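# Survey of secondary and tertiary structure
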Amino acid sequence: MATLINSFGSGLLLVSLPLYLTRIVELSAAEVGIGLTIAATVTLVVGLPIGELADRRGPLQVAKAMLLLQAAATVAFLFVDSFLVFVVVAIVDTVAARAVITAEGALLRRVAGEEAAAYRSSTHAITNVGFTVGFACCGIAIQLNTATAYHVLIIVDALTFLTAWAVLRGLPRYEPLPKPETGPRWGVLRDRAFVAFAVLGAASSLQFTVLTLLLPLWVADRTDAPRWSIPLSLAINTVLVVWFQVRLGGKVQTIRQGGQAWQRAGVFFLFSCSVLGLAAGLPTWAALLLVVAAVCLHTFGEILHMAAGFALSMGLPPAHAQGQYDGFLGIIGGIGAAAAPALLLGPVMSLGKPGMIGLGVFFVLTCALMPAVARWGERTRPQAPSDLAAVAD
């Protein structure tokens, strides 16, 4: 319930906030882009400390505190009147949002125990439902395009954080798990198998922006498919994720299963990118069919990729350091996300069909390495009994 409420609120502002800042606050698009980049960069720097904070203080306590901080930061957007104020508010908001995500991983592992990977697939499906409803509601405000409409979205978003905080109060208090008396403070940096997983994950993270960034420009500039096929593609993606994420993701729970699912995801990405590339130059009806087919193929790859990521990110870290590991994963993944626009809209778009097919080959080759990394990680995990369900209160 907390995930659904939180993702609904995020969906309200994800698309509308840049419009509010440029049309109502009257910042330039460049200022908004620079401010968000600064905030994202700061978030990368604090990723590890945030994760360790969740491990030391307890994931539920950190998640609740950061929800309150994010509510305050969201309200502060109402008072942004300059670039400097925007940067400060954006940094606080982005850091709090990342902290919630990081603490959520450790919290889900405590709540779900050995079923954490399947449970996280369920929450991913719920997140898509929340985003979809949020997107629909923010569309009304965007159409009205008034200061009042945008202000209502901001206030409602702030209220969703408070509501999610209230819902989480119903969970028991999970005390921090005991950590080994000896060993480095940043154990994740010495876990070479996990570092390899994080690097491959960053490479594969390009898939997250294929449908939201590459596909719209490819369809509009390189194919004769109708423009309405772009929102149709996003709708198809959302429906398929909601419908199949739990069904397919529930079958991917162990580290080894995660590696295998990741490899299969790469095959889907190869075919989806190739099919999308072949849509260029075809008649309208044929291009539309290929775009829809490519979206369906990509979505099933995304479902397997997400399920595999959940299994590996929950199975590889030691229970007492889940937050630290998630924080490190967020840092490496953030670097990949930052590189995605330049790579997808640069070499891939400029090369045309060969670029799209090459992107698919890149996905299948990098994903093919994950089963070996999973086996490596499985061999190097300690065989201690799990104490994930330890609850002090």
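Residues numbered from 1 in each chain as written. Predicted model: local features only at pLDDT ≥ 70, side-chain atom pairs only at ≥ 80, totals over all residues. Heavy atoms only, no water.

### Quick look at the packing of aromatic side chains
Here a ring pair, both rings aromatic, is described through the centre-centre distance and the interplanar angle of the planes. What counts is decided by this rule: For Phe, Tyr and Trp, where Trp contributes only its six-membered ring, two rings pair if their centres lie within 6.5 Å, and the inter-plane angle classes them as stacked under 30 degrees, edge-to-face over 60, or tilted in between. Each helix is a run of H or I in the DSSP string that is no shorter than four residues. Each strand is a run of E no shorter than two, and both are numbered from the N terminus. Exposure categories follow from relative accessible area, calculated using a 1.4 Å probe and restricted to protein chains: below 20% of the type maximum is buried, above 50% is exposed, and the middle band is partly exposed.
Scanning the model with the defined rule gives nine aromatic pairs in all. Taken together, a centroid distance of 6.5 Å and an interplanar angle of 35° make the contact between Phe268 and Phe300 tilted. A residue pair is termed long-range when its members are at least 10 positions apart, and Phe268 in helix α12 (residues 255-278) and Phe300 in helix α13 (residues 284-315) qualify at 32 residues. Assessed through its relative accessible area of 29%, Phe268 is described here as partly exposed. With relative accessibility at 24%, the residue Phe300 sits in the partly exposed group. These aromatic residues form a ring-pair network of at least three members: Phe194, Phe197, Trp262, Tyr325 and Phe328.

### What to know about the environment of Cys137
Stated precisely, the cut-off is as follows: Working rule for contacts: check all heavy atoms of both residues, and any pair within 4.5 Å makes them a contact.
Among the structural elements, Cys137 can be located in helix α7 (residues 116-144). Take Cys137: its relative accessible area is 33%, and that puts it in the partly exposed class. Separated by 105 residues in the primary sequence, Cys137 and Val242 place their C-alpha atoms 19 Å from one another. Once residues within four sequence positions are removed from consideration, Cys137 is found in contact with Phe8, Leu12 and Leu153.

### Structural notes on helix α4 (residues 47-57)
Those residues of α4 that fall on the buried side of the exposure criterion are Gly47, Leu48, Ile50, Gly51, Glu52, Ala54 and Asp55. Elements that come into contact with the buried residues of α4 comprise α3 (29-45), α5 (59-76), α6 (83-112) and α14 (322-351). With its phi angle positive at about 100°, Gly58 sits one or two positions after the end of α4.

### Observations regarding the packing of helix α11 (residues 229-249) against α13
Applicable threshold: All axes here are fitted lines through C-alpha atoms, helices being fitted over the stretch that makes contact, and every angle between N-to-C directions spans 0 to 180 degrees. Handedness of each helix crossing follows the sense of rotation of the near helix against the far helix: counterclockwise by less than a right angle gives left-handed, clockwise gives right-handed. Residues are grouped as follows: Ala, Val, Leu, Ile, Met, Phe, Trp, Tyr, Cys and Pro are nonpolar; Asp, Glu, Lys and Arg are charged; all remaining types, including Gly, are polar.
Look at α11 against α13: their axes get within 9 Å of each other, and the N-to-C directions meet at 35°. Considering only the axes of α11 and α13, their crossing is right-handed. Residues Ser229, Leu232, Ser233, Ile236, Asn237, Leu240, Val241, Phe244, Gln245, Leu248 and Gly249 of α11 pack against Leu288, Val291, Val292, Val295, Cys296, Thr299, Phe300, Glu302, Ile303, Met306 and Ala307 of α13. For the contact of α11 with α13, the residue count by class is 15 nonpolar, six polar and one charged.

### Description of the pattern of salt bridges
Defined as follows: Counted as salt bridges are all cases of a side-chain nitrogen of Lys or Arg within 4 Å of a carboxyl oxygen of Asp or Glu.
Counting across every chain of the model gives two salt bridges. Measuring nitrogen to oxygen at the nearest pair gives 2.7 Å for the salt bridge that ties Arg381 to Asp191. Of this pair, Arg381 sits in the segment after α16 (370-379) while Asp191 sits in the loop between α8 (147-168) and α9 (192-204), and the two are 190 residues apart along the sequence. Arg256 is the salt-bridge partner of Glu378, the closest N and O atoms lying 2.7 Å from each other. Here Glu378 is found in helix α16, whereas its partner Arg256 is found in helix α12, with 122 residues between them in sequence.

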